Structure formats: C-alpha cells, structure tokens
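# Understanding the architecture of this molecule
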Amino acid sequence: MLKINNLHASIDEKSILKGLNLEVKAGEVHAIMGPNGAGKSTLANIIAGKEDYEVTDGIIELNGEDISELAPEERAHNGVFLSFQYPVEIPGVSVTNFIKTAINETRKAKGLEDMPAKDMLKMIREKSELLEIDRKFLSRSLNEGFSGGEKKRNEIFQMAMLEPKLAILDETDSGLDIDALRIVANGVNKLKSKDNAVIVITHYQRLLDYIIPDFVHVLYDGKIVKSGDASLALELEAKGYDWIKQELV
Amino acid sequence: MKYTEEDLEQELKTKEYEYGFYTEIESETFAKGLNEDVVRAISLKKNEPKWMTDWRIEAFRVWEKMTEPDWANVNYEKPKFQDIAYYSAPKKKPKLNSLDEVDPELLDTFKRLGISLDEQKKLANVAVDIVMDSVSVATTFKKTLGEKGIIFMPISEAIQEHPELVRKYLGTVVPTTDNFYAALNSAVFSDGSFCYIPKGVRCPMELSTYFRINEGGTGQFERTLVVADKGSYVSYLEGCTAPSRDENQLHAAVVELIAMDDAEIKYSTVQNWYPGDKNGKGGVYNFVTKRGLCETNAKISWTQVETGSAITWKYPSCILKGNNSVGEFYSIAVTNHFQQADTGTKMIHLGKNTRSTIISKGISAGHSQNSYRGLVQINSRAENARNFSQCDSLLMGNACGAHTFPYIEVKNKSAQIEHEATTSKIGEEQLFYCNQRGIDTEKAIALIVNGFSKEVLNKLPMEFAVEAQKLLEISLEGSVG
Amino acid sequence: MELKEKILSSYVAFENGIDINSDVHEIRTQALETFEKLGFPTKKLEAWKYTSLNSVLKQDYSIFTNKGNAVEMADVKQYFIHDIDTYKVVFIDGKYSSFLSQTTHDTIDVCLMSSALNKAKYKPVIENYFNKVAKQDNLTSLNTAFATEGTYIHIPRNVEVEKPIQIINFTTGSEAATLVQPRNLIVVEENAHVQIIERNQSLTSNAVLSNIVTEVFADRNATVDYYKIQNDDENASLVDNTFVDQKSNSVVSVHTFSFGGNITRNNLNFYQNGEHIDSILKGITIIEGKQHVDHHTLVHHIEPNCESHQDYKGIFDDRSTGVFNGKVIVNKEAQKTNAYQQNNNVLISDKATINAKPQLEIFADDVKCSHGCTIGQLDTDALFYMQQRGIPIKEGKALLMYAFANTVLESVKIPEVKSRITKLIANKLGVNIGFDL
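Residues numbered from 1 in each chain as written. Chains lettered and ligands numbered in written order. Predicted model: local features only at pLDDT ≥ 70, side-chain atom pairs only at ≥ 80, totals over all residues. Heavy atoms only, no water.

### Let's talk about the overall build of chain A
Along its length, chain A carries 8 helices and 12 strands. Counting only C-alpha atoms, chain A reaches 60 × 40 × 35 Å along its principal axes. Considering chain A as a whole, with its 249 residues, one finds that 53% of them fall into the buried category. When contacts within chain A are restricted to residue pairs at least 6 apart in sequence, long-range pairs at least 24 apart make up 70% of them. Carbon and sulfur atoms form 46% of the exposed surface of chain A, whose accessible area is close to 11,400 Å². Taken together, the 31 basic and 41 acidic charged side chains of chain A have centroids lying 5 Å from each other. (Helix = DSSP H or I, 4+ residues; strand = E, 2+ residues; numbered from the N terminus. Buried < 20%, exposed > 50% of the residue type's maximum accessible area, 1.4 Å probe, protein only. Contact = heavy atoms within 4.5 Å. Areas by Shrake-Rupley, 256 points an atom, 1.4 Å probe, with all protein chains shown as cover. Lys, Arg positive; Asp, Glu negative; His and termini not counted. Charge placed at Lys NZ, Arg CZ, Asp CG, Glu CD.)

In structure tokens, the structure reads:
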C-alpha cells in the first residue's frame, strides 16, 4: 500500500529525514517509535503532504502511484488520513458541518454525488456510538475548547467517517487518560480490515497494549534503525532508547 | 438555447454590463441639479399634501447649510450634488424577453446563489410567465396582512392613504437635521416602504421588500418607516442576495424604526449593491442612516450582511429610551478588491436596565479597507445598563486593512460594559488540517469564513442565512492566490 | 489678552535671552509658526474630543519666571524617592536647582538641556536627536518653540546605569499662574540600560500649566524603564507629551500613575523602528473631585516581529472624568506583530464619567492584535464576603481596588517606587492598610 524509499526531507534547510525506508501492506499495523526529535511527526506530515517540508530525495508511493506531487487534499481523496498530534481549532464550524464537508468534497473528487443526508445521519450515529461520542459534542465548534481526550476522540471519529486506506495516528495516545485510550484504541481496532493499513506513531509502548502492531520500527536521527515485531516495543519500554543509540555507535 | 461555460466566458470578456446598465430608459426625468423648485416639483409630481411638501422644503433648507461629513475612514471622490437628476420616475427597467438577454455574469451569480429560474427572471426583469405571477403572490400576501390590520405599502401610497400615521412618525427618529445625507434624503426621497403593525399583533410572515406591491424601483433615496405598536412583533427583510446593478452612484437611504412598549422589530439587511470592478472602478456609494427607537421593554435587532457597494457608510443604531429596552446589532461586512466600508452602530442607553449587544465581523481581502465604528453611550440616568461588544476582524492577504474605532462613553456607575476586539488571519495550520481531510483550499476558506461569521449568520431568518453564506463565498472568490 | 496672543507676542522677548543664530533656534521658530497656525487644541479635534483645555487656558499665566524661588529640601523631601540613592535633576519654576540636584558627567551624562543645547561637545547628539521623534502637533510645537531647559540624559553603549535618575519639576509660582515647558531628551545607546522616575509638583495654590515634551531614543538592545508619578496639586494641570523611538531588540516601558492634578493629558507615543521590539505602556488612574485624566496612547508597529503591551486601570470617584484613547497601528510590513491592549475602569460615583476609545488600525494580515475594554463596579459578592469576615466596607473596597490595579504594579521594577505607589494608593483610597496581599 505505502512504499517509502530513501526519503530525505528538511525544513528551513535543516535536514530531518535522512534516507528513510518503509513498506506497509494492506491489513498491517505498523508502529513507529523513537525518541523526541527523531523525525516521527515529520514523517507523518510529509506523507500527508504538508508544504513546510522540502522533500530533497526519495519516493513516496501509495498503491504503486507516486504521490509526492499531490496536494494534501488529493492525498486525502486517495485515502490518506492523518490523526493530528495537535488538532487545530476552527471556531464556528461544527464537527458535523466539518465532517459533512470533508466527506462530500472527497466524494466530489471521485465523481460521486453528495451523500444523502439520511445516509450521513445514519453513519454519524453509528460511528459516534463506536467512539462513545455524545450527540451534543457533534454540534460544538471543531476542537474549540475540547479537552485533549475529546480532540483525539474526534480525530478517530473523523477517521471512522472517512474510512481511509492508510491511517497515520500521530501521538494519538498523548494526553489521553486510560479510559479514553481504551475507547480510541477500540475504535481503531474495529476499523481495521484486510484492505486498510494503520501506522501508529508513538513515544510510549502504552497504546500498543491495545493496538497490537505487526511491525515495530525504531526511528532515530531521520532513519529507521531497527525493526521487529511487537516484542521490540516491550523491549524499548523496558530499556529506553539509549541502548539503541549505543548500539548504533 | 444552450449556454455553455465557454459561451459564458466569451460574454464576460466582451459584453460587460451590456444590459440594464447604460441603456436608455424610458422615463420622465427632471433636469439635473437641486433647488427648492425641484423639491416642490417632486412633491407635486407625487401629489403630496402640503404638510409633506413643507417638510421636504424644510429639510432642503437645512441640507443647503450643511457640509458633507468626512470623518469616516473612507476615501472617494465626493459626488457632485448639482449633477444628479433628483426625479426620474417611474423608473422602468428594460423588459427583456428571455434570460438569454440577461448579463451572463449576473446569471452566473444567480445560479451559484441557487436562485430559482423564475426568481432569476423576476430579478433580472424578464417578463415572468403565469407560473409565478408576482402580482398574484403579492395579492395573497396582502390579504393575509390585511386580515391582521397590518399596513405594508410604498411610503408614497401611505402618504396618501394613511397620512395621519406617516405624519405622526416620519422624521421622529431620524430628524431632517440629523446629518447631511438624512437631510438630503428627506428633501428628495423618491419612495420606500411603510409598515405599521397594530397593537398586540404578531406579523405572521417575514415582510420583505422583495414582495412589495407596485414596486416603483428602489431608487437612490429610499425612505423606510416601520412602526410596531405596543406589544407587536415584526421581522423585516431588506435587500436581496442577488447582485443589484443600479446606475445610481449615490445611495442615501433613511430607515426609521419605532418599537413602542413591549414591541419587537427584527430588521435584517443583505446589501449587495454593485461594488465596482476588480480595479476599483465604479460602484455604488452607500450612505445610509438607520435608527430605531425603543420604548419600555421594547427590542430592536439589526442584522446586516454587507458585501456590496464601493463605499459603505452605515451605522444602524438604537435609542434605548424606555426602561428594560434591548438593542442588538449583528453585522458581517465583507470587503474585497478596492471596496471601503465604514460601518458599525450606536447604542444610546437612556432608560434603566437597558441592554445592548454588538457583534461585528469584518472580513477584508484584496486592497479593501474595512472599519468598525461604534458608539456605546450610557447616560447618567441609565441605571444598570449593560453592553457587550465584540468586534472581530479577519484579514486575507497583505494589501487590505482592518480598523476598529469603538467609542465608549459612560456616565453612570452602575453600567457594565465589555468590549473585545481581535484581529486574525486564516492560519496555515487550519488550511492544512482541512486539506488533509480532503477539503481544498478555496472550500476551506469558505468554511472558515462561515465559521467566523456564524454568530451573525445565525441571527438571519433561515432562508436568508443560506443565501448569505453563499454570498460570502462568492464575494471572497479570488481573494487568495 | 488671549493666552495664544500673549505667547506669540512674548517671543521677541524670549529671543533676547538666547542665541538666535543656532540651528536649534531655527527649529524653534518653525515650531512657533506651526503653533501659530494650529493654536491650542479644541474639542473639535478628534484627538481632543473628550478633553477640554478651555478652563485651563483662561488663566493669565506668566510665561517666564525670572528666578526660581528658594525651596528647602526639608519641605520637598516627601516628593523624592528618598530611600534609595539616585541621580536627581531638579527644577524650580523651570530653572535648574543645583542645590537639590545630583547630576553627573562620569561615563554617562545626566545634566541640563540648556548645557546640551549650548555646548559644542553635545552638538552631534542634539543634531541627531533633538526634535526628531516629537510630533509636529500644536502643544508639542509650543514646547519646541520655547525649548531651552529640561533634562538631558545620554547613556553610552553597554552601560547599565547603577541607580535610577529622578527628574522633578517644582513650581512655586508665588506671583501668579505659571506656565512651564520643560524639554527632555533621553538617548540610550546600544545595549545600555536606564531607569527614570519623573514627577511634577506644584508648591503653590496658584494655577500651574506644565506642557512637557520628552523624547526617548532606545537604540538596539537598550532597556529603558520610565515611571511617571502624577500626584499634583488640584490647581496644577499637565500636558505630558512623550515620544519613544525604539530600535531592534529594545525594551521600553512607561508606567504612568495618575492620582492628582486638575486636568492631566498624557500623550504617549511609541514608534517601533526595528524588529523584536517590546513596548510596554501601563497606567493606574485613581481620581476624584473634578479631576480629569486623559491617556492618549499610540503604538506604531512599523517593522515585523514586535510586541506591545498596554494595560491601563482606572478608578473614578465624585465628578471625575477619565479618558482612555489607545491607538495601535500595524503597518503592512509589520507581520507577526503581537499587540495587546487592555483598559479596565471602575466608576465609584454617580457623577463620574469614563470615555474610552480603544482603536486598532491593522494593515498586515499575520498579526495577533486584541483589545479589551471594560467598565464596571466592584464585585458586591466579594465585598459582602469580606464584610462577613470582619473587614469593614471601606477597607474591603480599598482591597478590591488595589487588587484591580495590581496587574500594573506588578511590573514596576524598582521596589521603592512600588512601595511608594502602594502608599499613594492607600492614601488616595483613604485607608491605612498595607496591601501585602
């Protein structure tokens, strides 16, 4: 599904990714772990197409197609979803209105008619139940005054609504208490299928107790320096990141 | 006949404003210039009673001694008042045979606003077929109102049919001496609307100038008088989201509202006069005086969406005379290209326990200048007066300006006044977030602007609000590269 | 004779006493022309809409006092911040008092404007800075036309002045009403740091009108903290015109404490000519009787990445009138500006008036600007709560008012100034409590 080859990227002439390789197939869950500043969020933003970063070398392919020239919304239309580490606030725009616009714009890009209101309503009802979201919450301004947990739950709710092929969860566990974490993880697990893939970016192993990864990668200094199965995450939890650094030296 | 996108584009290039704009109009027009004789002649033409003629003459004499104000934050070439023809009625727009004859840009806008074909015809002055006969609609309308004793007619008719009412209230809220443009309007006003809601009556429908009977062309000096008697309620809509192409450069309207004890008037405006072209050439000067008087427990609520005109100079105000009266002002002002808007409100608190709310949303794009100017005045006897004001500006691009000039004058210690103002732009982060969810930048801007304006849009009557949202979107097109 | 005529006709006599061939005098005569053309401000001017000088201008002011009257230190010690060591530049009726002053030329110059204007060694500084940031408006021009005396401060690069500088203008005006027009020039070079405390004090019951112009130049990385204590006699009126020119990375704060005087008008103008500048404008106004205090501020953001912070608190009793007119202009080039303006007022009496006009004029899109203005009363629930715990109503009110004003006091960097202001506030509120909250 996703194939990244020798990816180099920088921001303001500061090099952040230095030859990163990653392949994610449909039906897989990958976890990317690593110390602060390793480039985890940069990777997520680059896959989503944020303009601040300059890709200096390498290829990003989605389903065999090079997406590096596509605008962020075009990548989204192709099924890329990024759950933001810090979701932005848009005052005055309700969650419902926002998600309705997002779905219909995506449908428009695919040459489909707007989703009938009845279907939309049904879908909202289903997905909000899945994430234990209160109906009142849906009428509030997007992310404005939301607690950390509400913001993250809202991200996963949008993911559920948009049904992406590739979901990237950027530090979705940060700022969540244990109950919220369980709800979010439960939501993600239910949305998992053999046709889609999930990349979980996290600093801690905690979330991986709930979303079991097929692969765990360690990102350090702009490169993936170690890959393994779920047990690697436990090892990192126990030993910290320093042993990786030492191993590299 | 098929009308393809290419056709449209071609027409846009070559035939701008061919129709309805510079066309010779069959009308009776006085020579240019203004003097007492012209004022008399206007009055005579309209067959007005002597008191009305005298009233106009008095206004003219006042106007002659006044000078045009220049304190507003706008720059323009002053109109030449002796170069204007002050009487030209009945102003018939040219009748067109089919929509094919209508300015394609206008049609395009109609289409994007979602205005029905029949309505498009009516707005563009195309002969309307029997399916939607404006007269029959109007007749049904009139019958319903008549049963409730509501008077809703052109003010020229009201002067003939209800002289006692007009005479009693005309000029009581905006006196002829009030300001330069109000004095001019009083002397030469062509027509406008009169509305009277009897005691205790709740007007069952939105009163809209759009449906007004025998409309004689809105004219450049419109005069509106709305009287809501004790305990009555009316919601009044002025204007239309469709673009108004009017060859009159200067518009100086006066609107007076009177809300008697326990009455409520909700006055909503969508102003979409011709704003001039992308280079700032042409466009309407819109110098309006709007004011309402609230008696005890009365409430007046002004809501406006201002997207048109080259120059806007407009401060819908409330005089909160009665105890416990309430004044509200909700405004969205969008300026793009070279438009200039100086708009806001005055809330004059005279009575006890009076409350006012001001929510102003200014959106500036292109090379435009957008100013909020407001006065909150708490007089010494206005015990426990409350005001909350919020003025938010959104800037798009780096060639426009947003200005806030709030005046707060308080002479009573029990007053509670809160004023907040913020200025912001559409954040890159917000745009990226929307893009990531599949929403392109243009749509994202529309979404964010609508969110920014929501508190005001919510105050509009439902069907108006939907159109106003689309209007905002269209007004800001091309404002971000 | 009208005051304006009197001033104009006295100019010849004024010229007799000074060197009229100097460059500075050319500036003066031009300024006189400007004043002649503009005259005194009237309420018709938007900038003077809420402040009328009519009653003040009716007085028959003596324009030149011949000789400063002798003043005993013991009589005026209370007006100094005397519990710390400071430089002092003291004037009596516009004349320098060497007896009360402590000036210096050691590394830094803290001395008289008259010396700076006349001595050759100051000429380059005068040429570069004198009348360069001051606006050419009516009252500033009037001051410039007669500018001969005042305080001159010049801090060279990298010098952190070890003690504050006090500027005090006393007026004795024993013979008649007096007009004084001090002219101050403060030049703070790169990376230098100075603290200034200014006070005007009338020692007479005759009317006094002070029309002061102060120009402050803060070069790159310079820090200037300026404290203005306005607690004058009820017959003394003040027009204080301060102009601040800031270069990159400089930080200038002006705190204005207005408790006394008849009519006080503060024209405080900041111009940010560089990047990463911080401008801080704060004030506490507590007045009563028929007092009138008008704060007219301008922060002009000219270049990118700068900040400004304004915080003005006012408490108005009796028939007093407060005016706050704050203007923030953000030029098109001044992207990433952060400008904050806060004005909060409490009216204590039925006859007091507050007029506020917090303006924003924004021409750049990537900025954060906000202003807030409130007018209200003391929280009655809080008062009741305090009463219930045994605090009398008067003290309770004073505590609330002190807490209300405290955000301004918090940023005062000289502890002695802070404690003096605290005492003045306690005095003004008629309570005898230390506000050690």
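### Topic: the pattern of salt bridges
Residues and elements named next belong to chain A. What the rule picks out here adds up to 41 salt bridges over all chains. Of the charged contacts in the structure, one is a salt bridge between D52 and K50, with a shortest N-O distance of 3.8 Å. Owing to a relative accessible area of 14%, K50 belongs among the buried residues under this scheme. Here E105 ties to K108 by a salt bridge, and the two come within 3.3 Å at their closest N and O atoms. Remark: K108 and E105 occur in helix α3 (residues 95–109); sequence separation between them is 3 residues, near one turn of the helix. (Salt bridge = Lys/Arg side-chain N within 4 Å of Asp/Glu carboxyl O.)

### Some remarks on the interface of chain C and chain B
Each partner contributes to the interface: chain C provides 35 residues, whereas chain B provides 30 residues. Together chain C and chain B conceal approximately 2,700 Å² of surface at their shared face, both sides included; 46% is due to carbon and sulfur atoms. For the chain C face of the interface with chain B, the top three residues by lost area are D365, I375 and Q377 of chain C, together amounting to 21%. For the pair chain C and chain B, the interface holds 1 salt bridge. Between K425 of chain B and D366 of chain C there is a salt bridge; the shortest N-O distance is 4.0 Å. Between chain C and chain B we count 21 residue pairs in polar contact (both at pLDDT 80 or more) in total. (Buried area = accessible area lost by both parts, 1.4 Å probe. Polar contact = N/O pair within 3.5 Å; in protein donor to acceptor, adjacent residues only side chain to side chain.)

### Some remarks on the domain arrangement of chain C
Residues and elements named next belong to chain C. Along its sequence, chain C is organised into domain 1 (3–273) and domain 2 (380–437). The distance between the C-alpha centroids of domain 1 and domain 2 comes to 31 Å. Here domain 1 packs against domain 2, burying approximately 1,400 Å² in sum over the two surfaces, 67% of which is carbon and sulfur. Together, Y227, F257 and F259 form the three largest contributors to the area buried by domain 1 at its contact with domain 2, with a combined 39%. Taken together, domain 1 and domain 2 are joined by 1 salt bridge. In this structure, the salt-bridge partner of D225 is K413, at a minimum N-O distance of 3.2 Å. At the boundary of domain 1 and domain 2, one finds 6 residue pairs in polar contact (both at pLDDT 80 or more). Taken together, the elements giving at least two residues each to the side of domain 1 that touches domain 2 come down to β9 (193–202), β11 (223–230) and β13 (251–258). Split by residue class, the side of domain 1 that touches domain 2 holds 10 nonpolar, 6 polar and 3 charged. (Domains from an automatic or database assignment. Nonpolar A, V, L, I, M, F, W, Y, C, P; charged D, E, K, R; others polar.)

### Brief notes about the pairing of strand β20 (residues 353–362) of chain C
Among the 10 residues that make up β20 of chain C, 10 are buried, leaving the element largely enclosed by the rest of the structure. Where strand β21 (residues 401–410) of chain B lies against β20 of chain C, 6 bridges are found, and the strand directions are antiparallel. Looking at the pairing, I408 of chain B lines up with A356 of chain C of β20 of chain C. As defined by bridge partners, strand β18 (residues 321–330) of chain C adjoins β20 of chain C across 10 bridges and the pair is classed as parallel. Bridge pairing links G326 of chain C to P358 of chain C in β20 of chain C. (Pairing = 2+ DSSP bridges.)

### Re empty space enclosed by the protein
Residue and element names in this part refer to chain B. Using the criterion set out here, one finds 10 cavities of 30 Å³ or more in the structure. Of the volumes computed, that of the largest cavity is approximately 90 Å³. In terms of lining residues, the largest cavity is bounded by 16 residues, among which S360, G362, N370, S371 and Y372 are the most central. Counting only elements with at least two residues in the lining of the largest cavity, the list comes to β15 (326–335), β18 (355–364), β19 (369–378), β20 (386–395) and β21. Of the residues contributing to the lining of the largest cavity, the split by class is 4 nonpolar, 10 polar and 2 charged. (1 Å grid on protein atoms, 1.4 Å probe; cavity = no way out; pocket = protein on both sides within 12 Å on 5 of 7 lines; lining within 4 Å. Points joined across faces, edges and corners; volume = space filled by probe spheres on them.)

### Describing a positive patch on the surface
Residues K346 and K411 of chain B together with K43 and K49 of chain C make up a contiguous surface patch of positive charge. Secondary-structure assignment places K411 of chain B in the loop between β21 and β22 (416–425). (Patch = residues over 30% accessible without salt bridge, like charges linked within 9 Å, V, L, I, M, F, W, Y side chains within 5 Å.)

### Quick look at the interface of chain B and chain A
Contact residues are listed per partner, giving 18 residues for chain B and 32 residues for chain A. Buried surface at the junction of chain B and chain A, both sides included, amounts to about 2,100 Å², of which 65% is carbon and sulfur. Three residues, F432, Y433 and R437 of chain B, lead the burial of chain B against chain A; their summed loss comes to 36% of the area buried on that side. Counting every contact that joins chain B to chain A gives 2 salt bridges. Between E155 of chain A and R437 of chain B there is a salt bridge, and its shortest N-O distance comes to 2.8 Å. The interface formed by chain B and chain A holds 12 residue pairs in polar contact (both at pLDDT 80 or more) in total.

### Let's talk about the sheet that holds strand β2 (residues 14–24) of chain A
Residue and element names in this part refer to chain A. In spatial order, the strands read β2-β1-β4-β5; together these 4 strands make up an open sheet with antiparallel pairing. On the outer flanks of this sheet lie β2 and β5 (65–66), each paired with one strand and no other. Pairing analysis gives 7 bridges linking strand β1 (residues 2–11) to strand β4 (residues 54–62), with the strands arranged antiparallel. The residue of β4 that forms the bridge with H8 is D57. Packed on one face of the sheet, helix α1 (residues 40–48) meets β1, β2 and β4 and runs near 110 degrees to β1. (Axes fitted to C-alpha atoms, helices over the stretch in contact; angles between N-to-C directions.)

### A look at the pairing of strand β10 (residues 197–202) of chain A
Residue and element names in this part refer to chain A. In terms of burial, β10 is largely enclosed, as 6 of its 6 residues are buried. A two-sided burial pattern is seen for β10, the buried positions comprising A197, I199 and I201 on one face and V198, V200 and T202 on the other. Pairing analysis gives 5 bridges linking strand β9 (residues 166–170) to β10, with the strands arranged parallel. Along β10, the bridge assignment pairs I168 with I199. Note that the unit made of β9, helix α6 (residues 178–191) and β10 has a crossover that is right-handed. (Right-handed = clockwise from strand over helix to strand, strands pointing away.)

### A look at the sheet that holds strand β6 (residues 80–83) of chain A
Residues and elements named next belong to chain A. Spatially, β6-β9-β10-β3-β11-β12 is the arrangement adopted by the 6 strands of the open sheet, whose pairing is mixed. Each edge of the open sheet is held by one strand with a lone partner, namely β6 and β12 (223–228). Neighbouring strand axes in the sheet, compared pairwise and without regard to direction, differ in orientation by 20 degrees on average. Across the sheet, helix α7 (residues 230–239) touches β3 (29–33), β11 (215–220) and β12, and the angle it forms with β11 is around 45 degrees.

### Observations concerning helix α11 (residues 415–428) of chain C
Residues separated by three or four positions in an α-helix point in the same direction, a consequence of the helix having 3.6 residues per turn. Residue and element names in this part refer to chain C. Its 14 residues give α11 an end-to-end C-alpha distance of 20 Å, which sits within 8% of 20 Å, the value for a rise of 1.5 Å per residue. Along α11, the positions that sit buried rather than exposed are V417, R420, I421, T422, L424, I425, A426 and K428. Looking at the packing, one finds that the buried side of α11 touches β9, β11, β13, β15 (278–287) and α10 (393–409). Phi turns positive one or two residues past the end of α11, at G430, with a value near 70 degrees. (Expected span 1.5 Å × (residues − 1).)

### Focus: α10 of chain C
All names here are of chain C. For α10, with 17 residues, the first-to-last C-alpha span of 23 Å sits near the 24 Å given by 1.5 Å per residue. A403 marks where α10 bends most, by close to 30 degrees. Those residues of α10 hidden inside the fold are in contact with β13, β15, β17 (307–316), β19 (338–347), α9 (380–388) and α11. (Bend = angle between axes of the 7 residues up to and from the residue.)

### Here we look at a negative patch on the surface
All names here are of chain C. Together, E2, E5, E33 and E36 make up a region of like negative charge exposed at the surface. Relative to the elements of secondary structure, E5 occurs in helix α1 (residues 3–9). We classify E5 as partly exposed; its relative accessible area is 41%.

### Let's talk about the packing of aromatic side chains
The description of an aromatic ring pair uses the distance of the two centres, along with the angle that the planes make with each other. Residues and elements named next belong to chain B. Enumeration over the complete set of coordinates arrives at 29 aromatic pairs over all chains. Aromatic pair F60 and W63: ring centres 6.0 Å apart, planes at 35 degrees, arrangement tilted. Taken as a pair, F60 and W63 lie in helix α3 (residues 50–65) at a separation of 3 residues, close to a single helical turn. Accessibility assignment for this pair places F60 and W63 in one class, buried. One cation-aromatic arrangement involves R373 over F405; the distance from NZ or CZ to the ring centre is 4.6 Å. (Phe/Tyr/Trp six-rings, centres within 6.5 Å; stacked < 30°, edge-to-face > 60°. Lys NZ or Arg CZ within 6 Å of the ring centre and 35° of its normal.)

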